[in-house]
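Structural description and commentary
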Amino acid sequence: MTSFKINTESVDFDGDPGTPLLWVIRDHLNLTGTKYGCGIGQCGSCIVHVDGRAAVSCVMPVSGVDGRSITTIEGLAATQAEPHPVQQAWLELDVPQCGFCQPGQIMATVDFLKRHPRPTDEDIDKNITNLCRCGTYVRIRKAIHRAAELMAAGEGT
Amino acid sequence: MSARVHDITLNRRQFLIVGSSVAGGLVLGLPAIGADHGDSERMIGYFIEIASDGSVVIGSNQPELGQGVRTALPMLVAEELDVEWSKVSVRQMPLGIVKTADGYTWKYGGQGVGGSTGLTSNWDYMRQIGATARQQLIRAAAERLGVRAHQCTTRPGVVTCGSLGTEIPYGDLVADAAQLDVPDEAPPLKDIDDYRIIGTQQKTIDALDMVTGRTRFGIDTVEPDMRYAVIARAPVLNARVKSFDDNDARKIDGVLDVFTIEGPEPGAPYTILASGVAVVADSTWAAMKGRDALQIQWHESANATDSSEKFWRENEAALETTGQVVLDDGDFDTAMASAVKVVEGRYRVPFVSHAPLEPQNCYAYVQEDRCHIIAPTQMPSGASRAAAAVTGIPREHIHVDMTRVGGGFGRRLTNDYVAEAAMISKQTGWPIKLLWSREDDIRNDFYRPGGLHELRAGVDADGKVVAWTQRLASGSKYYRRPNMPDENLWQAELYPDDFPKGLVDNLRLEYFHNTIGLPRGSWRAPAHTANAFVIQSFLDELAHASGQDPLQLRLDMLGDERELPYNGHGGPTFNPGRLSRLIRFVADRIDYGVERPAGRGVGLATHFTFGGYAAHAIEVTVSDDGRLGIERIVAAIDCGLAVHPNAVRAQLEGGTIDGLSTALGLEITVRDGKVQQSNFHDYPLARIAAIPAAFETHILPYDDVPTGVGEIVLPSAAPALANAIFAASGKRIRNLPIGDQLAA
């Protein structure tokens, strides 16, 4: 039995403890905002927060999160009416095209901004490595800077 | 498309819509607005629902892959309907297939996206839907008020009757309006100067759902009693299952069934790509583990000795012979013999994979007499055809729902994964969701064909290009088409009306078809990506070799505005002057004429396709040890009237990055009949670090008719990069991808 917290819920999972966290989140908990893109930790579509830090859930066995706290894209904003500042910035810049990678991009950015509250372009280049097949990188870069501004201004915290 | 309408009369009363389908055929749709076509009291026709609070829901009939059509098409309806855009929301419509006396017709018009036609083929249709609905609302108000219709008009969401000073909200009129016959005469459409929504800055209508994870892609489908399926696929191209041992697989907790999926004969027209072994389980992970535990013996494949080395060697050898001459303008041999300078270069464009970030997937539930498909697809009618082919169920009993698609790029024009899902559901009787792994996707694709191009041109004493030839040896993507004669295979790979047709008097195109076991298909802007790269690179070489400026040579060849005939993608005409305007513009923006220090340079390229015009100017640095930095990008498009400019800019950004990412590092290779790449570690899409913050997009307005956008923006990016690399380093990129070729 693996027990953990996901967003606001406590969860017990009694299946194969080797199941990647991603598939527990998607198939068993029906939280489908976290995406499967590669299964080898290359694309970042499956990024969630484990105890507040970004982690690729496709290569993390669920046994590894026993007793820990998971946040998915669905749990990022306190309420649906008030998106997280990173989500707000994504909306302002109208970042998504197909949209598939964006939950992972946003989860990666939220964690990144905790450690780089006023990031340079170089910081972004070094730390944001999620793949976007549509090529929304121009807007992602702008949205990261905008989110940093929003968070510095204390909006939506 | 097989749509034929026999017993339905073509007249205004029924508001029949005639348009061209993606496949180029004629599509006859059923009336979109008319009596008895609403599904509820709030609906006027199939597309428009207006609530009493004035909120409007507009149906989107086309697949949304990220190109913005789900926002752009409802903008057209809302413009003519005359409602506030802020009151509009959008709902995805399913495939609207209807059986007719001897075929099928489409009650929501032609549905499918490919060839950058999503907007152009619906431009009139959607505006007419809005205008007709508005007319009906006006007529309903006039009838209620006892006045003539022409005494009434509208302001957003309200019919007004000036003489009476009366106003009636649309929401109060819908039920009446839906019952009125549609007059024979079509209502006039707005003039471009009166647009309030078309051409304005609007955001993606469902972006909030996307950034909060609520959007459901195909892969997110969850239906009652649904099982999960994966397929073990042959490691060698086109190998067939000989036998398998599933003892260990069936021991995996959650594995429910294991069976063979029959594939097509190698090289034959296909419904699915190849045979395999399906594993059905109660979760994705159990299905994947079950697949890993299978022991499968495969028959020896006819492609077991295929290799990229062999393919490229054969292409080199072919170019030493004479191929099929598919275009021969003027007197090429004499003109070439008269040239004072002849320049030649061979360019290699590799096979590449589509790799949309959402892997292929499909939900299917096949019951005795009906079938439900939920799929991310660019071609819902193809999904219907694929499911019918493998189930035997008549197409009118196959319901196809479309989800938002996690990237298409041409991959999801083919519905092989829909056929697979339907086969698995039919075999088990269960509703199932089939998922491809990323490895399945990279190793089993309809790849963009690789080709070896030879370009040769002669210039006269004045530097004028007097003779030009392009000779291409490649594996045509048409190789598996039904009823495709060999002498037409070239048509998928060389476009005879492309540049420099009509601009060089003596012009010859020659084709050599080669084979390899890699399946081939349409990849965003298909052969334009290859041809624009080689032609725009070669133009640069030609300019340098003949002592001319690359920009000036292009301008001299393109000349001023005039219409040239153009068959194929984006015809019927091509206006080279529109390319001149664009390339001048991007050159100016990037300070083309300004001298750069060693190791820094600017490259230009421009291309016409699918009716639209694009140009790129790119500035790079190349260090002494061969490190490439893309420093600045200027991208410009002339797409006539930009209906949804925000999405046009997004496509300019994304299409440019797609072109650059592919040129920088992407190639599919084969050894011993096996695709050597498998996932993003060895098929390395560009990441954010490769793309500079200095990235400008420009829309140059032209006239009042929109062209497509999604594919136009891609072809000129890679040659602009290669030309910039040459300007910075003196190294000419003749083989893609660039990879580590710059390393000293």
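Parameters at a glance
- Residues numbered from 1 in each chain as written.
- Chains lettered and ligands numbered in written order.
- Predicted model: local features only at pLDDT ≥ 70, side-chain atom pairs only at ≥ 80, totals over all residues.
- Heavy atoms only, no water.
- Helix = DSSP H or I, 4+ residues; strand = E, 2+ residues; numbered from the N terminus.
- Buried < 20%, exposed > 50% of the residue type's maximum accessible area, 1.4 Å probe, protein only.
- Contact = heavy atoms within 4.5 Å.
- Rg over C-alpha atoms; globule rule 2.2 N^0.38 Å.
- Areas by Shrake-Rupley, 256 points an atom, 1.4 Å probe, with all protein chains shown as cover.
- Lys, Arg positive; Asp, Glu negative; His and termini not counted.
- Charge placed at Lys NZ, Arg CZ, Asp CG, Glu CD.
- 1 Å grid on protein atoms, 1.4 Å probe; cavity = no way out; pocket = protein on both sides within 12 Å on 5 of 7 lines; lining within 4 Å.
- Points joined across faces, edges and corners; volume = space filled by probe spheres on them.
- Nonpolar A, V, L, I, M, F, W, Y, C, P; charged D, E, K, R; others polar.
- Domains from an automatic or database assignment.
- Buried area = accessible area lost by both parts, 1.4 Å probe.
- Salt bridge = Lys/Arg side-chain N within 4 Å of Asp/Glu carboxyl O.
- Polar contact = N/O pair within 3.5 Å; in protein donor to acceptor, adjacent residues only side chain to side chain.
- Axes fitted to C-alpha atoms, helices over the stretch in contact; angles between N-to-C directions.
- Left-handed = near helix turned anticlockwise from the far one by under 90°.
- Pairing = 2+ DSSP bridges.
- Disulfide = S-S within 2.5 Å.

**Overview of the overall build of chain B**
For chain B, the helix and strand inventory stands at 16 helices and 33 strands. When its C-alpha atoms are laid out on the principal axes, chain B stretches across 80 × 70 × 45 Å. In chain B, which comprises 744 residues, the proportion classed as buried is 63%. In chain B, once contacts between residues fewer than 6 apart in sequence are set aside, the share between residues at least 24 apart is 75%.

**So, the overall build of chain A**
Helices and strands together make up the secondary structure of chain A, namely five helices and five strands. Taken from N to C terminus, the helices and strands of chain A fall in the order β-β-α-β-β-β-α-α-α-α. Relative to its length of 157 residues, chain A is compact, with a C-alpha radius of gyration of 15 Å against a globular reference of 15 Å. Expressed along its principal axes, the backbone C-alpha trace of chain A runs to roughly 40 × 30 × 25 Å. By residue count, 58% of the 157 residues in chain A fall in the buried class. Restricting to contacts in chain A with at least 6 residues of sequence separation, those with at least 24 account for 60%. Summed over its atoms, the accessible surface of chain A is roughly 5700 Å², and 47% of this surface lies on carbon and sulfur atoms. A distance of 7 Å separates the average location of the 14 positive side-chain charges in chain A from that of its 18 negative side-chain charges.

**A short note on the layout of surface pockets**
Residue and element names in this part refer to chain B. Estimated volume of the second largest pocket: approximately 560 Å³. When residues of the lining of the second largest pocket are traced back to their parent elements, those giving at least two are strand 12 (227-233), helix 6 (284-292), strand 16 (295-298), helix 11 (438-443) and strand 32 (674-675). For the lining of the second largest pocket, the element with the most residues is helix 6, which contributes five residues. Its residues assigned to classes, the lining of the second largest pocket comprises 15 nonpolar, four polar and eight charged.

**What about the domain arrangement of chain B?**
Frequently, the measure chosen for interface size is the accessible area removed from exposure when the parts meet. Residues and elements named next belong to chain B. Taken domain by domain, chain B holds domain 1 (41-208), domain 2 (223-301 + 360-435) and domain 3 (308-352 + 446-729). Distance between the C-alpha centres of domain 2 and domain 3: 37 Å. On the side of domain 3, 17 residues touch domain 2, which itself brings 18 residues to the contact. Here domain 2 meets domain 3 over a buried area of about 1300 Å², counting both sides, of which 64% is carbon and sulfur. Counting the surface domain 2 buries against domain 3, the share from its top three residues, Leu-237, Tyr-270 and Phe-409, is 42%. Between domain 2 and domain 3 we count zero salt bridges in total. Counting across the interface, domain 2 meets domain 3 through three residue pairs in polar contact (both at pLDDT 80 or more). Considering only residue class, the side of domain 2 that touches domain 3 consists of 11 nonpolar, four polar and three charged.

**With respect to the packing of helix 9 (residues 380-391) of chain B against helix 10 (residues 416-428) of chain B**
Residues and elements named next belong to chain B. Two numbers describe how helix 9 lies on helix 10: the axes approach to 8 Å, and their chain directions differ by 35°. Between helix 9 and helix 10 lies a crossing whose hand is right-handed. Contacts between helix 9 and helix 10 involve Ala-383, Ala-386, Ala-387, Val-390 and Thr-391 from the former and Val-418, Ala-419, Ala-422, Met-423 and Lys-426 from the latter. Grouping the amino acids of the contact of helix 9 with helix 10 by side-chain chemistry returns eight nonpolar, one polar and one charged.

**Some details on the interface of chain B and chain A**
Taken together, the contact between chain B and chain A spans 61 residues of the former and 51 residues of the latter. Taken together, the two surfaces of chain B and chain A that pack against each other cover about 4700 Å², and 57% of this comes from carbon and sulfur. The three residues of chain B that bury the most area against chain A are B:Val211, B:Leu357 and B:Ile688, which together make up 17% of that side's buried surface. If you look at where chain B meets chain A, you find five salt bridges. Residue B:Asp220 pairs with A:Lys35 through a salt bridge whose shortest N-O separation is 2.4 Å. At the junction of chain B and chain A, the tally comes to 28 residue pairs in polar contact (both at pLDDT 80 or more). For the side of chain B that touches chain A, the elements supplying multiple residues, two or more each, are helix 4 (207-211), helix 6, helix 11 and helix 15 (645-665) of chain B. The element contributing the most residues to the side of chain B that touches chain A is helix 15 of chain B, with eight residues.

**Re the pairing of strand 2 (residues 9-13) of chain A**
Residue and element names in this part refer to chain A. Looking at chain direction, strand 1 (residues 2-6) and strand 2 are connected through five bridges and run antiparallel. The residue bridging Thr-2 from the neighbouring strand is Phe-13, located in strand 2. Where strand 1 folds back on strand 2, the antiparallel hairpin that results is connected by two residues, among which Asn-7 adopts a positive phi of roughly 50°.

**Topic: the state of the cysteines**
Here the structure, examined in full by the defined rule, presents zero disulfides over all chains. Its sulfur unpaired, A:Cys38 is 3.8 Å from the next cysteine sulfur, which belongs to A:Cys43. Here A:Cys38 falls in the buried class, since its relative accessible area comes to 2%. B:Cys362 carries a free sulfur, and the closest cysteine sulfur to it, the one in B:Cys371, is 8.1 Å from it.

**With respect to the sheet that holds strand 24 (residues 465-474) of chain B**
Residues and elements named next belong to chain B. Pairing within the open sheet is mixed, and its five strands lie in the order 17-25-24-23-18. The open sheet has two edge strands, strand 17 (324-329) and strand 18 (341-349), and neither has a second partner. Strand-to-strand, the axes of this sheet are offset by a mean angle of 10°, without reference to chain direction. Of the strand pairs in this sheet, strand 18 and strand 23 (residues 451-459) are connected by nine bridges, and their pairing is antiparallel. Pairing of Arg-346 across the sheet is with Glu-454, part of strand 23. Against the sheet, helix 12 (residues 526-545) contacts strand 18, strand 23 and strand 24, and its axis sits at roughly 150° relative to strand 18.

**Observations regarding the pattern of salt bridges**
Residue and element names in this part refer to chain B. All chains considered together, the criterion is met by 56 salt bridges over all chains. Asp-416 is the salt-bridge partner of Arg-411, the closest N and O atoms lying 3.0 Å from each other. For Arg-411, a relative accessible area of 0% puts it in the buried group. Between Arg-554 and Asp-540 there is a salt bridge, and its shortest N-O distance comes to 3.4 Å. In this pair, Arg-554 is assigned in helix 13 (residues 550-558) and Asp-540 in helix 12, connecting sequence segments 14 residues apart. You'll find Arg-554 and Asp-540 in the same group, each marked buried. Ionic contacts of the salt-bridge type, sharing partners, join the residues Glu-316, Glu-320, Arg-346, Glu-454, Arg-471 and Glu-510 into one network.

**Some points on the side chain of B:Arg127**
All names here are of chain B. Positionally, Arg-127 belongs in helix 2 (residues 123-145). Here the side chain of Arg-127 touches Tyr-195 through a polar contact of 3.4 Å, side chain to side chain. What Arg-127 contacts, discounting residues up to four positions off in sequence, is Leu-76, Glu-80, Asn-122, Leu-189, Tyr-195 and Ile-198.

**Some details on the environment of A:Val50**
All names here are of chain A. Relative to the helices and strands, Val-50 is located in strand 3 (residues 47-50). Residue Val-50 is classed as buried on the basis of its relative accessible area of 4%. Along the sequence, Val-50 and Thr-2 sit 48 residues apart, while their C-alpha atoms lie 14 Å from each other. Among all residues touching Val-50, those that are not within four sequence positions of it are Leu-21, Ala-55, Met-60, Val-65, Arg-68, Ser-69 and Ile-70.

**Description of the sheet that holds strand 9 (residues 152-155) of chain B**
Residue and element names in this part refer to chain B. Here three strands make up an open sheet; going across it, the order is 9-10-11 and the pairing antiparallel. Strands with a single pairing partner mark the edges of an open sheet, and in this sheet they are strand 9 and strand 11 (166-169). The sheet shows a mean angle of 30° between the axes of neighbouring strands, direction not considered.

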